[in-house]
Amino acid sequence: MASSSSLLSEDQLQCSICLDVFTDPVSTPCGHNFCRVCLKECWDSSSRCQCPICMERFHKRPHLRVNTFISGLAAQFKKSVQVKSSRAPEKRTSKRKRVICDCCSDKKLEALKSCLDCGVSYCETHLALHKTTPKLKKHKLMDPVENLEDYICQKHERPLELFCRDDQTSVCQFCTETDHKTHSTVPIEEESGEKKTQLVKTQREVQQKVQNRLKKIEKIKHSVELSRKSTEKEKADSVEVFRALLRCIERSQAELLEVMEEKQKAAERQAEEFIKELEQEITELKRRDIELEQLSHTEDHLHLLQVYPSLCSPPHTKNWAEARINTHLKVEPLRRALTRLQEELSKEMEKIPEIMAVTLDPDSAHPQLILSDDGKKVTCGDKQQNLPENPERFDYCFCVLGKEGFPSGRFYYEVQVRGKTDWTLGVTTESSNRKGNITARPKNGFWRLLLRNGTEYKAQDSPSVNLSLKKAPQKVGVFVDYEEGLVSFYDVKAKSHIYSFTGQSFTGKLYPYFSPYLNHGGANSAPLIITPVKRPK
């Protein structure tokens, strides 16, 4: 039977307020579920007691109790994700855990063998009868194990000596005469031997992938070095070209150098990301290699068969055959343009990303958000304002958009997030949903980066990606290349890349997206501030 975690996705166990997996889920009278803390804060910050999803009003605040069924599913889901994504593989050694004899009454001695027929572990003294009594000599003995019941058929209480290839499960002799009568069964030792052969093949594939990725890292490093040398040469050549031009051309020279530096930085950031991904894959492949090596030598046949399905193939890895570092700098057309007309130079310089003078759109702001007069700051108030209802306004999520929308090209803006424990930034499409609960994913027209609880960073990709940042960003830069389908986030002060949505397909205008989130009793009262972008002089 499939576990609940394999049948349920994160979205199905997600609180529509905090957009995370439920914690202490409670149910409203109308049947919707939320985290207890999220719903309490939502009601405490509003003059109305109503369901955040269907807006049904309650004359008296309902007494909320934790939904134990959903709570159990959420806990199981979290545990499953944690086991799959973050747990290091356990190292198995030849040294077994100490198993105590089940027959010793006074001083408990260590068991020497476990009997599958008796279902008991024996020390050397109590094992004597199995060596001398003819009937007991026929019992199946094995090295002592704690979980002896796992080696015995729970239905017939007989040793699991056979393996059913039709159902891929271990069975006893009686099972072959009932439920598995017409199935293909073989001794577990035989099946274990075949699985070991497959494990050796899989291990070779894993080792080969490790070597391929090590070679790819060297190629990437070499590519970055060539790019650096090329960049230095291009910079020197460009300086020589610009020295003969007027002051306005000198200003264009500085801007060109800035673009070239950004291209080089982008190439290095891309290389760092590739190397990081490759090293992560190498680590995972090495872990699998160790597991396969250890498992290929185990004599615990049943254990091998039980874990084989999860280890029979190499872990999922990315195809790196086409991965390349984008190092090409298109400055030659600009040189030719400079030899002809200054106007041609201006056309080329228009390719530099536009620095957006972003202001907030009050017509889109949730009624509980407070905007500054200049449209550069946004905070979350304690209660909703009486504002006119319109199609552009968010009525459930605490969000606001920028006034300006961009249907093409490249643009960039920066937002100060200093002092906040929770925030969300990104872009969204003109046609994206702004009413009720929103599933903020790229397929629905949202590209968002968020912070929760002061330390939990997440990119809401498909699926969501948990991020580990060395330092908390004080100011976040957002860059969009419409034609390339790229949305990137940067730590402005650290000059480091945080996350990129790549390979996207945009339609219609894109608008900057902001959410200061709830105040949390003043702990998150600092505003989001749109700041001027400073270009190097």
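Scroll up for the structure.
Computed from a predicted structure; not experimentally measured.

Asks: Explain the overall build of the chain residue by residue, including any values.
Replies: Across its full length, the chain holds 10 helices and 22 strands. Taking contacts inside the chain between residues at least 6 apart in sequence as the whole, the part at least 24 apart equals 62%. For the chain, the exposed area adds up to about 30,600 Å²; of that, 50% sits on carbon and sulfur atoms.

Asks: Could you give an account of the pattern of salt bridges, with specific residues and numbers?
Replies: For the structure shown, the criterion picks out 21 salt bridges. The residue Lys40 makes a salt bridge to Asp44 at a minimum N-O spacing of 2.9 Å. One end of the pair, Lys40, and the other, Asp44, are both in helix H2 (residues 36-44), 4 residues apart, so they sit about a helical turn from each other. Owing to a relative accessible area of 49%, Lys40 belongs among the partly exposed residues under this scheme. Relative accessible area serves as the criterion here: at 44%, Asp44 is assigned to the partly exposed category. Residues Arg287 and Glu284 are paired through a salt bridge, measuring 4.0 Å at the closest nitrogen-oxygen approach. Here Arg287 and its partner Glu284 are both found in helix H7 (residues 247-296), 3 residues apart, which amounts to about one turn of the helix.

Asks: Pulling in residues and values, what's your account of the packing of aromatic side chains?
Replies: On inspection of all chains with the given rule, the structure shows 10 aromatic pairs. Their ring planes at 85 degrees and their centres at 5.0 Å tell us that Trp447 and Phe506 sit as a pair that is edge-to-face. Taken as a pair, Trp447 in strand S15 (residues 446-452) and Phe506 in the loop between strand S20 (496-501) and strand S21 (510-515) lie far apart in primary sequence, 59 residues in all. For the residue pair Trp447 and Phe506, the accessibility class agrees, reading buried in each case. Three or more aromatic residues link up through ring pairs in this structure, and these residues are Phe394, Phe446 and Tyr513. It is Arg158 that lies over the ring of Phe174; its NZ or CZ is 5.8 Å from the centre. Above the face of the Tyr308 ring, Lys195 is positioned so that its terminal group lies 4.9 Å from the ring centre.

Asks: Go over the sheet that holds strand S12 (residues 400-401), please, and point to the residues and values.
Replies: What the 6 strands build is an open sheet, ordered S12-S21-S14-S15-S16-S17; its pairing is antiparallel. Each edge of the open sheet carries a strand with a single partner, namely S12 and strand S17 (465-467). Note that strand S14 (residues 423-429) and S21 share 6 bridges and pair antiparallel. Note on S21: the bridge partner recorded for Thr424 is Ser515.

Asks: So what about the environment of Lys235? Which residues, and what values?
Replies: Here Lys235 lies in helix H6 (residues 188-242). A sequence separation of 26 residues divides Lys235 from Glu261, and the C-alpha atoms of the two residues are 9.0 Å apart. Once you skip the residues sitting within four places of it in the chain, Lys235 turns out to touch Leu257, Met260 and Glu261. Side chain to side chain, Lys235 and Glu261 meet in a polar contact 2.7 Å long.

Asks: Give a description of the sheet that holds strand S5 (residues 141-142) that names residues and reports values.
Replies: Think of a sheet as strands paired side by side through backbone hydrogen bonds, with each pair either parallel or antiparallel. Read across the sheet, 3 strands follow the order S4-S3-S5 without closing on themselves; strand pairing throughout is antiparallel. The sheet terminates laterally at strand S4 (120-122) and S5, the two strands that pair on one side only. Of the strand pairs in this sheet, strand S3 (residues 113-115) and S4 are connected by 3 bridges, and their pairing is antiparallel. Bridged to Ser114 within S4 is Ser121.

Asks: Now, about unusual backbone geometry: what can you tell me, with residues and values included?
Replies: Omega for the peptide link from Ser462 to Pro463 comes to 5 degrees, which places this bond in the cis form. Tracing the chain through its elements places Pro463 in the loop between strand S16 (456-459) and S17. Located in the positive-phi region is Met55, a residue other than glycine, with phi close to 65 degrees. The residue Met55 is located in the loop between H2 and helix H3 (68-85) in this model. Overall, Met55 belongs to the partly exposed group, its relative accessible area being 29%. Although it is not a glycine, Lys495 adopts a positive phi angle of roughly 55 degrees. As for its placement among the helices and strands, Lys495 is situated in the loop between strand S19 (486-491) and S20. Lys495 gets classed as exposed once you look at its relative accessible area, which sits at 65%.

Asks: Lay out H2 in plain terms, naming residues and giving numbers.
Replies: Three or four residues apart is the spacing at which side chains of an α-helix point the same way, because the helix has 3.6 residues per turn. For H2, the set of buried residues is Cys38, Leu39, Cys42 and Trp43. For H2, the buried positions fall inside an angular range of 125 degrees around the axis, keeping them on one side. Its buried side turned inward, H2 meets strand S1 (25-27) and strand S2 (33-35).

Asks: Report on the pairing of S16, specifying residues and quantitative values.
Replies: Both faces of the sheet carry side chains from a regular strand, because those side chains alternate between them. With 4 bridges connecting them, S15 and S16 associate as antiparallel partners. Bridged to Leu451 within S16 is Tyr457. Once S15 ends, the chain turns through 3 residues before running back antiparallel as S16, passing Asn453 with a positive phi of about 60 degrees. The antiparallel pairing of S16 with S17 creates a hairpin that spans 5 residues between the two strands.

Asks: Outline the pairing of S21, supporting the account with residue identities and numerical values.
Replies: Judged by how many residues are buried, S21 sits mostly within the fold: 6 of 6 residues are covered. By the bridge criterion, 2 bridges tie S12 to S21 in an arrangement that is antiparallel. Counterpart to Val400 in the pairing with S21 is Phe514.

Asks: Quick one: what's the story with the nonpolar core, residue by residue and with numbers?
Replies: Counting residues in hydrophobic clusters, the biggest one holds 69 residues, and the most contacted among them are Trp423 and Phe514. Excluding anything up to four places from it in sequence, Trp423 contacts Val417, Leu449, Leu450, Leu451, Arg452, Tyr457, Val476, Ser515 and Leu528.

Rules used throughout
- Residues numbered from 1 in each chain as written.
- Predicted model: local features only at pLDDT ≥ 70, side-chain atom pairs only at ≥ 80, totals over all residues.
- Heavy atoms only, no water.
- Helix = DSSP H or I, 4+ residues; strand = E, 2+ residues; numbered from the N terminus.
- Contact = heavy atoms within 4.5 Å.
- Areas by Shrake-Rupley, 256 points an atom, 1.4 Å probe, with all protein chains shown as cover.
- Salt bridge = Lys/Arg side-chain N within 4 Å of Asp/Glu carboxyl O.
- Buried < 20%, exposed > 50% of the residue type's maximum accessible area, 1.4 Å probe, protein only.
- Phe/Tyr/Trp six-rings, centres within 6.5 Å; stacked < 30°, edge-to-face > 60°.
- Lys NZ or Arg CZ within 6 Å of the ring centre and 35° of its normal.
- Pairing = 2+ DSSP bridges.
- Polar contact = N/O pair within 3.5 Å; in protein donor to acceptor, adjacent residues only side chain to side chain.
- Arc of directions from axis to C-beta.
- Core = buried A, V, L, I, M, F, W, Y, C linked by side-chain atoms within 4.5 Å.

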